[in-house]
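# A look at the structure
Here is what each chain is made of, one letter per residue.
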Amino acid sequence: MARDQVYEVFARKAHDEELKHVGSVNATDDELAKAYAWTLYDEENWIEMCVVPRNAVIPITHEGRLPLWGMTTSTAREFESTEGMSDACREGLRNLLIACADTKLLLGYHYGEWTFGPPELEAAIACCSLSQSELGHARLLHAVLRNQFGDDSDALVEQRPGTEFANVSFLDHDIADWAGFVAANYVVDLAVTRLLHAMRDSSFKPLRVNVEKMLDEERYHAHHGQGWFRTLCGKNDECRAAAEKSLHDALQAVAQWFGPAGDAQDEALVAAGVKAKTNPEILQNLLSDLSETAGTVGVEFETETPAFDGWDPATRRSGTSGPAEEILHHLRGSKNAIFKLN
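Here's a quick rundown of the structure. (Residues numbered from 1 in each chain as written. Predicted model: local features only at pLDDT ≥ 70, side-chain atom pairs only at ≥ 80, totals over all residues. Heavy atoms only, no water.)

Looking only at helices and strands, the protein chain has 10 helices and 6 strands in total. For 342 residues, the compact-globule estimate of 2.2 N^0.38 gives 20 Å, and the protein chain sits close to it at 20 Å. Its C-alpha atoms give the protein chain principal-axis dimensions of roughly 60 × 50 × 45 Å. In the protein chain, which comprises 342 residues, the share counted as buried stands at 54%. A separation threshold of at least 6 residues defines the contact pool for the protein chain, and within that pool the share at least 24 residues apart is 74%. Once the 31 positive and 54 negative side-chain charges of the protein chain are each reduced to a mean point, those two points are 3 Å apart. (Helix = DSSP H or I, 4+ residues; strand = E, 2+ residues; numbered from the N terminus. Rg over C-alpha atoms; globule rule 2.2 N^0.38 Å. Buried < 20%, exposed > 50% of the residue type's maximum accessible area, 1.4 Å probe, protein only. Contact = heavy atoms within 4.5 Å. Lys, Arg positive; Asp, Glu negative; His and termini not counted. Charge placed at Lys NZ, Arg CZ, Asp CG, Glu CD.)

We now examine the side chain of T82. Structurally, T82 can be placed in the loop between β4 (58–59) and α2 (87–113). A distance of 3.2 Å separates polar atoms of two side chains, one belonging to T82 and the other to R90. Leaving out residues up to four positions away in the same chain, T82 has contacts with R90, L93, Q148, F149 and F204. (Polar contact = N/O pair within 3.5 Å; in protein donor to acceptor, adjacent residues only side chain to side chain.)

Attention now moves to the packing of helix α1 (residues 30–40) against helix α6 (residues 205–235). Here α1 crosses α6 at 135°, and the two axes come no closer than 7 Å. With respect to each other, α1 and α6 are oriented oblique. Both α1 and α6 take part in a crossing whose hand is left-handed. Each of E31, L32, K34, A35, Y36 and W38 in α1 lies in contact with α6, whose residues at this interface are Y220, H223, H224, Q226, G227, W228, R230 and T231. (Axes fitted to C-alpha atoms, helices over the stretch in contact; angles between N-to-C directions. Parallel < 35°, antiparallel > 145°, perpendicular 65-115°, else oblique. Left-handed = near helix turned anticlockwise from the far one by under 90°.)

Moving on: the packing of aromatic side chains. Evaluated as defined, the whole model comprises 9 aromatic pairs. A ring pair is formed by W38 and Y220, whose centres lie 4.7 Å apart and whose planes are at 10°; its orientation type is stacked. With W38 in helix α1 and Y220 in helix α6, this residue pair connects regions lying 182 residues apart in the sequence. Seen in terms of ring centroids, W178 and F181 are 4.4 Å apart; in terms of plane orientation they differ by 10°. Their pairing is stacked. Within this pair, W178 and its partner F181 are both found in helix α5 (residues 178–197), separated by 3 residues, close to a single helical turn. By relative accessible area, W178 is classed as buried at 8%. A relative accessible area of 1% places F181 in the buried class. Each residue in the set Y111, W114, W178, F181 and W228 is aromatic and connected to the rest through ring pairs, giving one cluster. Above the plane of the ring of F165 lies R160, whose end atom (NZ or CZ) is 4.1 Å from the centre. Over the ring of W257 we find R316; its NZ or CZ atom is 5.0 Å from the centre of that ring. (Phe/Tyr/Trp six-rings, centres within 6.5 Å; stacked < 30°, edge-to-face > 60°. Lys NZ or Arg CZ within 6 Å of the ring centre and 35° of its normal.)

Bringing the packing of helix α3 (residues 121–149) against α5 into the picture now. Relative to each other, α3 and α5 sit at 40°, their axes nearing to 13 Å. One element, α3, and the other, α5, form an angle in the oblique class. Between α3 and α5 lies a crossing of left-handed hand. Within the contact between the two elements, α3 uses A123, C127, L130 and E134 and α5 uses W178, F181, N185 and D189.

Turning our attention to the nonpolar core. One finds F170, W178, F181, F229, V254 and F258 to be the most contacted residues of the largest nonpolar core, which totals 94 residues. Residue contributions to this core peak at 14 residues, all from α5. Not counting residues up to four positions away in its chain, the partners in contact with F258 are A191, L195, N279, I282, L283, L286, W311 and R316. (Core = buried A, V, L, I, M, F, W, Y, C linked by side-chain atoms within 4.5 Å.)

By secondary structure assignment, the location of A268 is in helix α8 (residues 264–271). Placed 176 residues apart in sequence, A268 and G92 show a C-alpha to C-alpha distance of 7.7 Å. Setting aside anything within four residues of it in sequence, one finds A268 in contact with S86, A88 and C89.

Time to look at the pattern of salt bridges. Summed over the entire model, instances satisfying the criterion amount to 17 salt bridges. When the shortest N-O distance is used, the salt bridge between E31 and R230 registers 4.0 Å. Here R230 lies in helix α6 and E31 lies in helix α1, a separation of 199 residues in the sequence. A residue is classified by how much of its surface remains accessible, and E31, at 3% relative accessible area, is buried. (Salt bridge = Lys/Arg side-chain N within 4 Å of Asp/Glu carboxyl O.)

Shown next as structure tokens:
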């Protein structure tokens, strides 16, 4: 079983400054130390931060691992708006933006719920930061939807029935235990990040200008998910079994969310350069990422091909389901409508 160790945290705000000691964190491995340091000592606009366990120095602001994976696609034609897109491309783009926004909104909700009750205080602080990032990303995506498609941000959250939400279904209900939380962080969060990365060099400029910010913040989400998955798998047989089951359940939901091969809207987005890869290709990239981390703790997994009969590209589901009404009730601000500022 891995034990906590102390990591000293160093940071600087300018290249001509020396690294200075800003504090310390307790963590079971390097990945958790990175996530905890960044979320605990984010009061300044650091350009570099490092954590030091005894003699090792681990840079965290310029590391090239997850989740930034190089360049993606050339933009032969740039779209300043949806004008000039085919109907399939335009519809597919709106559905894709809503699916990402809905998933980030639900991730933000669940991360916020787990601000209280995680195994360690540092994890609670990380949950707060993760929630803030996801809700901010949902706001960015809602702004693109409003400016390009005329969607009202409040209506997207407050007025749609649950059966019209397009989030990954793993987030439909309360997350019962920490293993489920880790699966949401390690699998679901990374799935959306992989999808966003495929639009890093998108031909659709209104989205492209926002993607880099989201990817930069998602780097630390990935560190946190990886670190906790390895920690659970190394703790004891019970924790390992719970982590493996939650991993499997989250993967099945993500595979359903990405959809079947040959979807007309998805292929139209790739053809227009809005995305660099099809959804099944992105899913395979995700599985490679997960396999690399899982392999370090001896975990192997297989994904079952979902039944895509009746799969709806607008909700990214087969059949009618959605977030639980209790979750939507707490997520929405309608119960406090009289206190709204406008």
